[in-house]
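Structural description and commentary
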Amino acid sequence: MKTIEIDDDLYRYIASHTHHIGESASDILRRMLNVSGLAESAAQEIPSEKRDTPLLAETRAGSRPQDRVRTVRELLLSDEYAEQKRAVNRFMMVLSTLYRLDPREFQVATTTMQGRTRVYFAGDEQTLLQNGTHTKPKHIPGTPYWVITNTNTGRKCSMIEHIMQSMKFPQELADKVCGTI
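Computed from a prediction, not measured in an experiment: that's the story for all the values here.

Let us now look at the overall build of the protein. What the protein contains, in helices and strands, is 11 helices and 3 strands. The order of α-helices and β-strands along the protein, N terminus first, is α-α-α-α-α-α-α-α-β-α-β-β-α-α. Sorting the 181 residues of the protein into buried and exposed places 34% on the buried side. In the protein, the share of contacts with a sequence separation of at least 24, taken over all contacts with a separation of at least 6, comes to 54%. Within the structure as shown, the protein displays about 11200 Å² of accessible surface, and the carbon and sulfur contribution to it stands at 51%.

So this is what it looks like as structure tokens:
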């Protein structure tokens, strides 16, 4: 894989054509430029029984730190993220993305996180309701987890920061994510 430098406005344009969270810039450009031959020849290197399996794609994307960082940066630049008016919606999108990048690390990070009287993450809504009043639990899309959402933005940011540190993301990226929530 080669690295190229492009202007910020061009990168935002490419990212604005994202069809789903986590789609790589290469995939977006292939689709926009209608270049399928390269993708087909690369796919032929993968045995047919493993081709197009989401778990394999996640494992490859999650195994390289720069891909994980790129995925989070692409989320921050996406139109869908920018269109969110409420901090809780951006919070949920970030949590969903972090889980998708590495479910095991996400589980470890969230298992150790709780307040004095509250549990922040659980596998079901009822657990969160039992461990605090007025918690407003919400299901994190694409995950088996629920999270409390009636915390202030600062608490949401410290939850995200804790998870990203536990998942070994660069501190500068965690700061950038928190600055957008």
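Don't stop here, the text continues.
Below, the discussion takes up the sheet that holds strand E3 (residues 146–148). Taken together, the 3 strands give an open sheet; going across it, the order is E1-E3-E2, and neighbouring strands pair in antiparallel fashion. Each edge of the sheet is formed by a strand with only one pairing partner; in this case those strands are strand E1 (121–122) and strand E2 (137–139). Examined bridge by bridge, E1 and E3 share 2 bridges and lie antiparallel to one another. Across the sheet, phenylalanine 121 pairs through a bridge with valine 147, a residue of E3. Together, E1, E2 and E3 form the strand contacts of helix H7 (residues 87–101), whose direction differs from that of E3 by roughly 145°.

With that out of the way, let us pick up the pattern of salt bridges. As enumerated under the stated definition, the model contains 4 salt bridges in all. When the shortest N-O distance is used, the salt bridge between arginine 70 and aspartate 67 registers 3.5 Å. Separated by 3 residues within a single helix, arginine 70 and aspartate 67 lie in helix H5 (residues 65–77), roughly one turn from each other. Accessibility expressed as a relative area gives 29% for arginine 70, which makes it partly exposed. With a relative accessible area of 11%, aspartate 67 lands in the buried category. Each of Arg68, Asp102 and Glu105 takes part in salt bridges that share partners, so that together they form one network.

Definitions and limits used
Residues numbered from 1 in each chain as written. Predicted model: local features only at pLDDT ≥ 70, side-chain atom pairs only at ≥ 80, totals over all residues. Heavy atoms only, no water. Helix = DSSP H or I, 4+ residues; strand = E, 2+ residues; numbered from the N terminus. Buried < 20%, exposed > 50% of the residue type's maximum accessible area, 1.4 Å probe, protein only. Contact = heavy atoms within 4.5 Å. Areas by Shrake-Rupley, 256 points an atom, 1.4 Å probe, with all protein chains shown as cover. Pairing = 2+ DSSP bridges. Axes fitted to C-alpha atoms, helices over the stretch in contact; angles between N-to-C directions. Salt bridge = Lys/Arg side-chain N within 4 Å of Asp/Glu carboxyl O.

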